[in-house]
Amino acid sequence: MDKLRIAIDGPAGAGKSTVAKYVASSLGIHHLDTGSMYRAFGLFALESGVDPTDAAGLAALLPNANIEVTFDDEGAQHVWLNGVDRTADLRTEAVSIASSAVSLLPAVRDKLAALQRAVGEKYSIVMDGRDITTNVLPDTPYKFFVTASVEERARRRIRQLRRLGQEADFAQVKADIIARDRQDSDRAYMPLRRTEDTMLIDTTKISVREAVERILEVISKKE
Ligand code: DC
């Protein structure tokens, strides 16, 4: 049987990874959070002392970044950087900002998109990110754009940071989200954008569960 590939894009903090995770577990398939791969490279830049906005420095660093993704028995994704599982180190604000900066570079995007397509060749999968519907899996019939208002996304991010034991200021988190949205949507190469054949799901006022149900409904109608 042909592999099932579901593409989900959307801005930071819209809940797309959570939605993608539940869709994947409902269907019994893997979930690839592609942002974590950009985060791994952002972390590598920070730890290597390369400024994440220094294109030449990043280009020199890229061949030394061996980024791999595996799935454990529970289906959870692990991201490996040069042979070390760095999954637990990817969710800090510093890494968020660095990952958005490194994702501007075409060479970084091409390398990671090729790795993501290879994962999609191997498994039935739900992938979420910024260019999945437009670049990584443009031919899948299952394409969704999950978004929410900036305020709602800032509130969620603060809750998420709190669970990780980090305190954050609402105005600062909101400003960071706006800056990252701008960077992700305004970049020249493979920006975040919604195409006409991609279904819009706004999670500002609906629950994750409802968003998941909408997606599953579309899939069951087409399958
Ligand atoms: O989804 P996230 O916040 O973990 O992603 C981190 C950064 O990676 C985000 O600011 C933009 C970038 N990214 C991207 O450019 N393309 C993707 N497919 C996924 C993430």
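Residues numbered from 1 in each chain as written. Predicted model: local features only at pLDDT ≥ 70, side-chain atom pairs only at ≥ 80, totals over all residues. Heavy atoms only, no water.

### Points about the sheet that holds strand β6 (residues 125-129)
Spatially, the five strands line up as an open sheet ordered β2-β6-β1-β7-β8, and their pairing is parallel. One side of each edge strand has no neighbouring strand; the edge strands of this open sheet are β2 (30-33) and β8 (199-202). Here the strands of the sheet are splayed against their neighbours by 20 degrees on average, with no regard to which way each runs. With five bridges connecting them, strand β1 (residues 5-9) and β6 associate as parallel partners. (Pairing = 2+ DSSP bridges. Helix = DSSP H or I, 4+ residues; strand = E, 2+ residues; numbered from the N terminus. Axes fitted to C-alpha atoms, helices over the stretch in contact; angles between N-to-C directions.)

### Considering the site of the ligand
In the neighbourhood of the ligand, 16 residues make up the surrounding shell, with R39, R109, R130, D131 and R180 lying closest. Between the ligand and S103, the relevant distance is 3.4 Å, taken from an oxygen atom to a side-chain nitrogen or oxygen of the residue. When the ligand sits alone it has 450 Å² of accessible area, and the protein chains cover 97% of it. Sorting the residues of the shell around the ligand by element identifies α2 (35-48), α4 (93-102) and α8 (170-186) as the ones contributing at least two each. Broken down by element, the residue count for the shell around the ligand peaks at three residues, all from α2. The residue makeup of the shell around the ligand, split by class, is two nonpolar, six polar and eight charged. (Near = heavy atom within 4 Å. Polar contact = N/O pair within 3.5 Å; in protein donor to acceptor, adjacent residues only side chain to side chain. Areas by Shrake-Rupley, 256 points an atom, 1.4 Å probe, with all protein chains shown as cover. Nonpolar A, V, L, I, M, F, W, Y, C, P; charged D, E, K, R; others polar.)

### Re the environment of F145
Tracing the chain through its elements places F145 in strand β7 (residues 142-147). Considering only alpha carbons, one finds F145 and A14, 131 residues apart in sequence, at a separation of 9.7 Å. With residues up to four places along the chain from it excluded, the contact list for F145 reads D9, G10, P11, L192, R193, R194, T198, M199, L200 and I201. (Contact = heavy atoms within 4.5 Å.)

### Looking at unusual backbone geometry
With a phi angle near 45 degrees, N82 is a residue other than glycine that sits in the positive phi range. Relative to the elements of secondary structure, N82 occurs in the loop between β4 (77-81) and β5 (84-85). If you check the backbone angles, M190 has positive phi at about 50 degrees while not being a glycine. With a relative accessible area of 24%, M190 lands in the partly exposed category. (Buried < 20%, exposed > 50% of the residue type's maximum accessible area, 1.4 Å probe, protein only.)

### Describing the packing of α2 against helix α5 (residues 106-122)
Between α2 and α5, the least distance of the axes is 10 Å, while the angle of their chain directions is 135 degrees. The angle between the axes of α2 and α5 places the two elements in the oblique class. When the axes of α2 and α5 are compared, the crossing they make is right-handed. When α2 is examined against α5, the residues M37, Y38 and F41 are found in contact with a partner set consisting of V108, R109, L112, L115 and Q116. Across the contact of α2 with α5, the residue classes tally to six nonpolar, one polar and one charged. (Parallel < 35°, antiparallel > 145°, perpendicular 65-115°, else oblique. Left-handed = near helix turned anticlockwise from the far one by under 90°.)

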